[in-house]
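Take a look at the letters that make up each chain.
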Amino acid sequence: MSASIISSHKPAHATVKCPKCQTLFEFSLPTQPSSGKAQVQCFSCNNVAEIDAASYINNTLNTPKTGSTGNGNTSERSWRIGTDDNPVSTEYYDILGVAPTATAGEIKKKYYNLAMKYHPDKNQEADAEEVFKKISEAYQVLSDPVLRKKYNEYGPQNNIAPEGGFVNPQDFFKQQFGGDRFVDWIGEISIAQDFKEAMQESNPESEEAALSEEEKKAKEEQQSEERSKARAERVNKLAENLTNKLAMFTESSGDEESVAKFKAYIQHEANDLQAESYGVELLHAIGYTYSLKARQCLGRDEFLGIGRYFHQFREKSHILGETYSTLRSAMDMQSTFTQLQDADKKGLDAEARTALEEQAAQKGLNALWRGSKLEVESVLRDVCDNVLGDPSCPRHVIKKRAQALKIIGFIFEKAQAEPVAEVEEKK
């Protein structure tokens, strides 16, 4: 007995997965292939996704193809769902110049190099700003484990973007040194703005270059006043934040249980902060400053206050050492950029130029970091002086503040970067 034949008809609906909430939904197909892409709203989360409806009509989803170039062409990749080892598209990976199997550390390092090279305030080429935006967009997706997985599976056409959309590339570049999580501890590091001002002032075609000496002097005085005011506001705000954090200890009985709770709270905070970009380095800078200032304060109660003077001497030596290291890294960066400019005149080959560009980018980042670290420690010293030198605060409370600062300093200085294997396992 032969099996009955079931008639069929051309598909009128297609089923896809919502790129935002991952819910499967159906939508009616347009009647003509020329209709191309359709804006389809998910019934579950109301997200509007752009779907290549024409490929469903032409049955390209059911016709496997080979030889995908990873260039973002929907018809080449829409028939399959990619994997972490074999993503649907390699476009973002290609932009950063890394393999799809690259680790988070490798992706971050490559982003830093390219961001320094194509930052529009440094690179005057016509397409530098557009390249910089693409670099930032690719990194924002690939640096987020969840977004990276979605990108590997579906490619860039499914509205894959960070929550709230892609941020301004300059703001994103600034956030790479500490991020928003450190704002309550150190305030905002103005790397992007400082970098921009430095590049503008060094540009012979900038407005700065056209000013007279008197105009330059007046402008510098105005900028100096604005910076002083902003710094004072920053110090006062951070002192208020720090006082509130220390209150958990200073307002407790000081018994073993209270101390243990405070230590656990600070350790949890350190574990959270160290995951940020340059998190461990910032924790060490904060911890060292807190420890030194706490010991200076507590040293007053030692014989003839000798302990206080000893730690004041350590502080001055540390400042001199950090200032020297910062100046040296800045000179080293300038030397490398000069070599790069000379290489352009001599017509350096592509491979040698790329190596020199990466070297310049690394030295530039190192100089920016050292300058920011110097600034952070300087601000935090003033913050600690405000908190520990408050004339309205009783001496016994000041002492407890110093003890709490010492605890924070010890925990922060002990922060260590997680092993790469452990980080990758978590992701």
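Since this is a predicted model, take the numbers as computed values, not measurements. (Residues numbered from 1 in each chain as written. Predicted model: local features only at pLDDT ≥ 70, side-chain atom pairs only at ≥ 80, totals over all residues. Heavy atoms only, no water.)

Time to look at the overall build of the protein chain. Within the protein chain one finds 17 helices and four strands. Per-residue burial for the protein chain yields a buried fraction of 41% across its 427 residues. The long-range fraction of contacts in the protein chain, counting pairs at least 24 apart against all pairs at least 6 apart in sequence, stands at 63%. For the protein chain, the exposed area adds up to about 24,300 Å²; of that, 50% sits on carbon and sulfur atoms. (Helix = DSSP H or I, 4+ residues; strand = E, 2+ residues; numbered from the N terminus. Buried < 20%, exposed > 50% of the residue type's maximum accessible area, 1.4 Å probe, protein only. Contact = heavy atoms within 4.5 Å. Areas by Shrake-Rupley, 256 points an atom, 1.4 Å probe, with all protein chains shown as cover.)

Considering all chains together, one arrives at eight salt bridges under this definition. Taking the shortest distance from any N to any O, the salt bridge between Asp385 and Lys293 comes out at 3.0 Å. One end of the pair, Asp385, is in helix H15 (residues 350-388); the other, Lys293, is in helix H13 (residues 279-298), and 92 residues separate them in sequence. Under the relative-accessibility criterion, Asp385 is labelled partly exposed at 41%. For Lys293, a relative accessible area of 7% translates into the label buried. (Salt bridge = Lys/Arg side-chain N within 4 Å of Asp/Glu carboxyl O.)

This structure, assessed with the given rule, holds six aromatic pairs. Note on Trp185 and Tyr290: the rings are 6.4 Å apart at their centroids and 40 degrees apart in plane angle, and the pair reads as tilted. One end of the pair, Trp185, is in helix H8 (residues 183-186); the other, Tyr290, is in helix H13, and 105 residues separate them in sequence. You'll find Trp185 and Tyr290 in the same group, each marked buried. Their ring planes at 55 degrees and their centres at 5.4 Å tell us that Phe249 and Phe262 sit as a pair that is tilted. Placement of Phe249 in helix H11 (residues 213-250) and of Phe262 in helix H12 (residues 256-273) is noted, with a sequence separation of 13 residues between them. For the residue pair Phe249 and Phe262, the accessibility class agrees, reading buried in each case. Lying over the aromatic face of Phe249, Lys400 brings its terminal NZ or CZ to 5.8 Å of the ring centre. (Phe/Tyr/Trp six-rings, centres within 6.5 Å; stacked < 30°, edge-to-face > 60°. Lys NZ or Arg CZ within 6 Å of the ring centre and 35° of its normal.)

Here the focus is H12. Compared with an ideal rise of 1.5 Å per residue, which puts 18 residues at 26 Å, H12 spans 26 Å between its outermost C-alpha atoms and is within 8% of the ideal. When we look at burial in H12, the residues that qualify are Ser258, Val259, Phe262, Ile266, Glu269, Ala270 and Leu273. Down the axis of H12, the sector holding all buried residues measures 105 degrees, keeping them to one side. Turned more than 90 degrees off the buried face of H12, the exposed positions are Glu256, Glu257, Lys261 and His268. Packed against the buried residues of H12 are H8, H11, H13 and helix H16 (395-413). (Expected span 1.5 Å × (residues − 1). Arc of directions from axis to C-beta.)

A few words now on the confidence of the model for the protein chain. Per-residue confidence for the protein chain gives a mean pLDDT of 75; residues scoring 70 or more make up 66%. Averaged over each element, pLDDT in the protein chain is lowest for helix H2 (residues 74-77) (38) and highest for H16 (95). The low-confidence segment residues 202-206, where pLDDT is below 50, has three contacts with residues more than four positions distant or belonging to other chains. In the predicted structure, residues 419-427 sits below a pLDDT of 50 and forms six contacts with residues beyond four places in sequence or in another chain. (pLDDT = per-residue confidence, 0-100.)

Closest axis-to-axis distance for the H15/H16 pair is 9 Å, and the angle between their directions is 145 degrees. Mapping the contact onto sequence places Cys384, Val387 and Leu388 in H15 and Ile398, Arg401, Ala402 and Leu405 in H16. Its residues placed into classes, the contact of H15 with H16 shows six nonpolar, no polar and one charged. (Axes fitted to C-alpha atoms, helices over the stretch in contact; angles between N-to-C directions. Nonpolar A, V, L, I, M, F, W, Y, C, P; charged D, E, K, R; others polar.)

Quick look at the packing of helix H4 (residues 104-118) against H15 now. Working note: a packed helix pair is described by the angle between its axes plus the distance between those axes. One way to put it is that H4 packs onto H15 with a least axis distance of 8 Å and a crossing angle of 95 degrees. Between H4 and H15, the angle is such that the two are roughly perpendicular. The residues of H15 that touch H4, namely those facing Lys109, Lys110, Tyr112, Asn113, Met116 and Lys117, are Glu357, Glu358, Ala361, Gln362, Gly364, Leu365 and Leu368. Of the residues assigned to the contact of H4 with H15, the class counts are five nonpolar, three polar and five charged. (Parallel < 35°, antiparallel > 145°, perpendicular 65-115°, else oblique.)

Next up on the list: the nonpolar core. Core analysis: the largest hydrophobic core is formed by 65 residues, its most contacted members being Leu96, Ile186 and Phe412. Among the elements that make up this core, the one with the highest residue count is H15 (11 residues). Not counting the four nearest positions on each side in its chain, Leu96 is found in contact with Ile107, Lys110, Tyr111, Leu114, Ile135, Ala138, Tyr139 and Leu142. In this structure, Val16, Phe27, Val40 and Ile51 belong to the second largest nonpolar core, which totals six residues. (Core = buried A, V, L, I, M, F, W, Y, C linked by side-chain atoms within 4.5 Å.)

Let's shift gears to the environment of Thr338. Checked against the element boundaries, Thr338 lands in helix H14 (residues 306-346). The spacing of Thr338 and Ala360 is 22 residues in sequence and 9.5 Å in space, taken between C-alpha atoms.

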